[in-house]
Amino acid sequence: MTCSKMLALAAALSMPLAATAETIEGSVDFTGKPPVAGKLHREADPFCAKKTMTDPTVEVKGGKLSNVWVHVTKGAKDAAPPASVINMDQKDCMYTPRMTTAVVGQKIEAKNGDPVLHNVHTYLGASTVFNKGMPNDKAPPIETVAKEAGMMKWKCDVHPWMRGYIGISKSGLQAVTGDAGSFKIDNVPPGKYTIESWHEKYGTKTQEVTVEAGKGAKITFKYDGTEKGT
Amino acid sequence: MIRRLAAAAALLTVVLIVAGGVVTNTDSGLACPDWPTCFGSVVPRMAGNVAVEHTHRLIATAVGLCTVALVVLTLRRAKQGGLAVALAGFSTLILGASFWAGRVKFVSGELPALGVALVLLGYAAFGWAIVRARETDAKLAAAGLALVMFQGLLGGLTVLYRLPTLVLVMHLATSMLFLSVALVLALRLNEGLRPQAPGPSPITAPRGLLWFTAAAIYFQILLGATVRHTGAGLVCTDLPYCRGAWWPTGVHPMVHLHMAHRAFAFVVLLLVTWTSLRIARNSRGTVRALALLGPALVLVQIALGVLTIVTFKDLVPLTAHLLAGALLLADQVALLAMTREASEERAVIPQVAEA
């Protein structure tokens, strides 16, 4: 079989799959009065103190909440981990990005972009995953693998305001809301799913959704600021 | 039974302090968003941080129930059953008002002034009842109950106000006070350890110095709690220096707070060693062992402090640091409970000789 024939066969085989892969999209609305972001007290470290920053815990723009992890909790099959590496950087004494996602089995790499010591203390629930120091920007990256589904919390004990989050799922059907508070989960086969949203301050909300072939689904999560999540 | 109960309460308090440390050190303080319930239930799904936080609450409840039983038993022994009933009423008022106020705060965001007033009223009545108790053991048990309820309120405030530093430090301060009261009560109720117990003559000690040392340890524990809850635990990561100096200048106050905790550890070491040597010279048995245990505990505590820094506040050394601090305080409090002032002993001996 020639190379072109093989490509044609592969394209033909992939067509039915593409036809059944839908999207779940939507947004996370914030209907309450957004809290005023206070100044982060970073004065204890002279390097961090050079830049003034506000608390990024709650970011609302135009009534939409960003940094919400939206993921399928029921109804999806496990996915193979992508070959790409998830990066969690420490820059200007903040975790960057603040929130991202990974699939169980996927590689994660932590870097220190600052000339000062950060310790990378990660948790899954109440258990420490690892706790390692990175003396400065010359420190080699810390490599790890997403072992379990759940919210992996990242903390620096040297700079207690530094928080980062990696939502880990088995199915890979997940997204994080951006600045516009919207999200889009691709490659969702038709079926019934339970979808959960998680915000670091306001906690979780759950919805059921049915994805039909050729239609996809749209959902909206709503927070009003009275939720007391963990 | 009362003896075993008192000993169990003291031991359980140590477990409770460790559990509280685990709550803080695993970031589980807000795992239950409401108080006194957890997600509106007294039996939430015990998983992850919720399991850590709720276990702490359950152990606290067990300590509280032990203390209630001790109050009842000590007052019944003193033939003051009526006062026990009154204390039960005052406790119900305090706890009922607290739980109601906590619920209102959680739902509406506002702490009702009526709830605060009722709690204060309950405590005023409780104070009156403690004064009315005839026996010291009953007074101690009642004071312990007042403290353990206050501790519960502080625990509730930490949740409802989302971990304010001052309340967190007060929470630890109260836990150490309660541990001291529970320990003294347990020692008093166990004959043979009481200073006035029959048998060998009481062991004398420089109690003024002992009090001073215990106060210094308590102060050091409060300094440590402030370091912990302001996030100053790793503002200096080099040892023994801090940012290349013994006492860095031109830095944030948190750096000085951290260094003050380190420096005061050596003040505590000197005080404990001095006190221990003076007691060990003239003592025997348990008292001598406790006296010698003091400096060893301080050295272990300093080593755990170093480990806490080099492991970047790993759960085990960080929690063990809290436990060793509590045990050191307990050690000095036990010495206070089991010894008598040297001058008292001198006053007693001539009388015996004349007789």
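Bear in mind that the values here come from a model prediction, so they are computed numbers and not experimental data.

Reading guide: rules and limits
- Residues numbered from 1 in each chain as written.
- Chains lettered and ligands numbered in written order.
- Predicted model: local features only at pLDDT ≥ 70, side-chain atom pairs only at ≥ 80, totals over all residues.
- Helix = DSSP H or I, 4+ residues; strand = E, 2+ residues; numbered from the N terminus.
- Buried ≥ 20, exposed ≤ 12 C-beta atoms within 10 Å, placed from the backbone.
- Contact = placed C-beta atoms within 7 Å.
- Rg over C-alpha atoms; globule rule 2.2 N^0.38 Å.
- Axes fitted to C-alpha atoms, helices over the stretch in contact; angles between N-to-C directions.
- Parallel < 35°, antiparallel > 145°, perpendicular 65-115°, else oblique.
- Left-handed = near helix turned anticlockwise from the far one by under 90°.
- Nonpolar A, V, L, I, M, F, W, Y, C, P; charged D, E, K, R; others polar.
- Pairing = 2+ DSSP bridges.
- Domains from an automatic or database assignment.
- Core = buried A, V, L, I, M, F, W, Y, C linked by C-beta atoms within 7 Å.
- Expected span 1.5 Å × (residues − 1).

Below, the discussion takes up the overall build of chain A. Scanning chain A from N- to C-terminus turns up two helices and 18 strands. Projected onto its principal axes, the C-alpha positions of chain A cover 65 × 50 × 30 Å. Here chain A holds 230 residues, and the buried ones make up 37% of them. Taking all contacts inside chain A whose residues are at least 6 apart in sequence as the whole, residues at least 24 apart take part in 67%.

Once that is clear, we can look at the overall build of chain B. The number of helices and strands found in chain B is 11 helices and two strands. In sequence order, the secondary structure elements of chain B are arranged as α-α-α-α-α-α-β-α-α-α-α-β-α. Whereas a compact globule of 355 residues would reach a radius of gyration of roughly 20 Å, chain B reaches 22 Å, a difference of no more than 12%. For chain B, the spread of C-alpha atoms along the principal axes amounts to about 70 × 60 × 35 Å. Across chain B, every contact between residues at least 6 apart in sequence was considered, and the portion connecting residues at least 24 apart equals 72%.

In a pair of packed helices, the angle between the axes and the distance between the axes together describe the arrangement. Residues and elements named next belong to chain B. Axis separation between helix α8 (residues 253-281) and helix α9 (residues 285-310) bottoms out at 8 Å; the angle between their running directions is 165 degrees. The orientation of α8 with respect to α9, classified from their angle, is roughly antiparallel. Regarding α8 and α9, the two cross each other, and that crossing is left-handed. Contacts from A265, V268, L269, V272, T273, T275, S276, I279 and A280 of α8 reach α9 at V287, R288, A291, L292, G294, P295, V298, I302 and G305. In terms of residue class, the contact of α8 with α9 is built from 12 nonpolar, five polar and one charged.

The subject of this paragraph is the environment of F47 of chain A. Residues and elements named next belong to chain A. Among the structural elements, F47 can be located in helix α2 (residues 46-49). The class for F47 is partly exposed, based on 15 C-beta atoms found within 10 Å. Placed 64 residues apart in sequence, F47 and K111 show a C-alpha to C-alpha distance of 17 Å. Every residue in contact with F47, bar those within four places of it in the chain, is listed here: D114, P115 and V116.

Residue and element names in this part refer to chain A. Read from one edge to the other, the open sheet built from four strands follows the order β6-β5-β8-β11, with strand pairing classed as mixed. Only two strands of the sheet have a single partner each, and these edge strands are β6 (94-96) and β11 (142-145). The mean angle between the axes of side-by-side strands here comes to 20 degrees, regardless of whether they run parallel or antiparallel. Where strand β5 (residues 86-91) lies against strand β8 (residues 107-112), five bridges are found, and the strand directions are parallel. Counterpart to D89 in the pairing with β8 is K111.

It is worth spelling out the sheet that holds strand β10 (residues 127-134) of chain A at this point. Residues and elements named next belong to chain A. The mixed open sheet is built from five strands, whose spatial order is β7-β13-β12-β9-β10. Of all strands in the sheet, those bounded by a partner on one side alone are β7 (99-103) and β10. Ignoring which end each strand starts from, the neighbouring axes of this sheet average 20 degrees apart. Two strands pair when backbone bridges link them, and strand β9 (residues 118-124) and β10 are joined in this way by seven bridges, in the antiparallel orientation. Residue Y123 lies in a different strand from β10, and its bridge partner there is T128.

The next point concerns the domain arrangement of chain A. Residue and element names in this part refer to chain A. Partitioning chain A into structural domains gives domain 1 (22-76 + 173-230) and domain 2 (77-172). Look at where the C-alpha atoms of domain 1 and domain 2 centre, and you get two points 19 Å apart. Facing 18 residues of domain 1, the contacting portion of domain 2 comprises 19 residues. Contributions of two or more residues to the side of domain 1 that touches domain 2 are made by α2, β4 (69-74) and β14 (174-176). Here the element with the most residues in the side of domain 1 that touches domain 2 is β4; it accounts for three residues.

Here the focus is unusual backbone geometry. Note the cis peptide between W35 of chain B and P36 of chain B, where omega equals 5 degrees. Mapped onto the elements, P36 of chain B comes out in the loop between α1 (2-25) and α2 (48-77). The omega angle of the peptide bond from L239 of chain B to P240 of chain B is 0 degrees, so this bond is cis rather than trans. The phi angle at N187 of chain A is positive, at roughly 60 degrees, despite the residue not being glycine. Mapped onto the elements of the fold, N187 of chain A is located in strand β15 (residues 182-188).

All names here are of chain B. Under the domain assignment used here, chain B contains domain 1 (2-189) and domain 2 (203-354). On a C-alpha basis, the centres of domain 1 and domain 2 stand 26 Å from each other. On the side of domain 2, 20 residues touch domain 1, which itself brings 20 residues to the contact. Tallying contributions element by element places helix α6 (residues 165-189) first for the side of domain 1 that touches domain 2, with 12 residues.

Glancing now at the interface of chain B and chain A. With 21 residues of chain B in contact, the opposing surface of chain A contributes 17 residues. Counting only elements with at least two residues in the side of chain B that touches chain A, the list comes to α2 and α8 of chain B. Among the elements that take part in the side of chain B that touches chain A, α2 of chain B stands out by supplying three residues, more than any other. Residues that form the side of chain B that touches chain A fall into these classes: 10 nonpolar, eight polar and three charged.

This part takes up the nonpolar core. Side chains of a nonpolar character, in soluble globular proteins, are inclined to be buried together. Ranked by internal contacts, the top residues of the largest apolar core, which has 84 residues, are A142, L183, L185 and L329 of chain B. Setting aside anything within four residues of it in sequence, one finds L185 of chain B in contact with A6, L70, D137, L140, A141 and G144 of chain B. Grouped together as the second largest cluster of nonpolar side chains are 56 residues, Y165 and I166 of chain A together with A232 and L234 of chain B included.

Moving on, we come to helix α3 (residues 81-108) of chain B. All names here are of chain B. Its 28 residues place the ends of α3 40 Å apart at the C-alpha level, agreeing with the 40 Å of an ideal helix rising 1.5 Å per residue. Residues L83, A84, L87, F90, S91, I94, A97, S98, A101, G102 and K105 constitute the buried set of α3. G109 sits one or two positions beyond α3 and adopts a positive phi of about 90 degrees.

Here the focus is α8 of chain B. Since the α-helix advances by 3.6 residues per turn, residues separated by three or four positions end up pointing in the same direction. Over its 29 residues, α8 of chain B extends 42 Å from the first C-alpha to the last, a length consistent with the 42 Å expected when each residue adds 1.5 Å. Taken residue by residue, α8 of chain B has M254, V255, H258, M259, H261, V268, L271, V272, T275, S276 and I279 of chain B as its buried positions.

This part takes up the environment of L327 of chain B. Residue and element names in this part refer to chain B. Inspection of the secondary structure assignment puts L327 in helix α10 (residues 315-338). Judged by the 17 C-beta atoms lying within 10 Å of it, L327 falls in the partly exposed class. The sequence separation of L327 and T286 amounts to 41 residues, and the corresponding C-alpha distance is 15 Å.

Moving on, we come to the pairing of strand β17 (residues 203-211) of chain A. Residue and element names in this part refer to chain A. Of the strand pairs in this sheet, strand β16 (residues 191-199) and β17 are connected by nine bridges, and their pairing is antiparallel. Residue pairing across strands places H199 opposite G203, the latter belonging to β17. Counting the residues that bridge the hairpin from β16 to β17 gives three residues.

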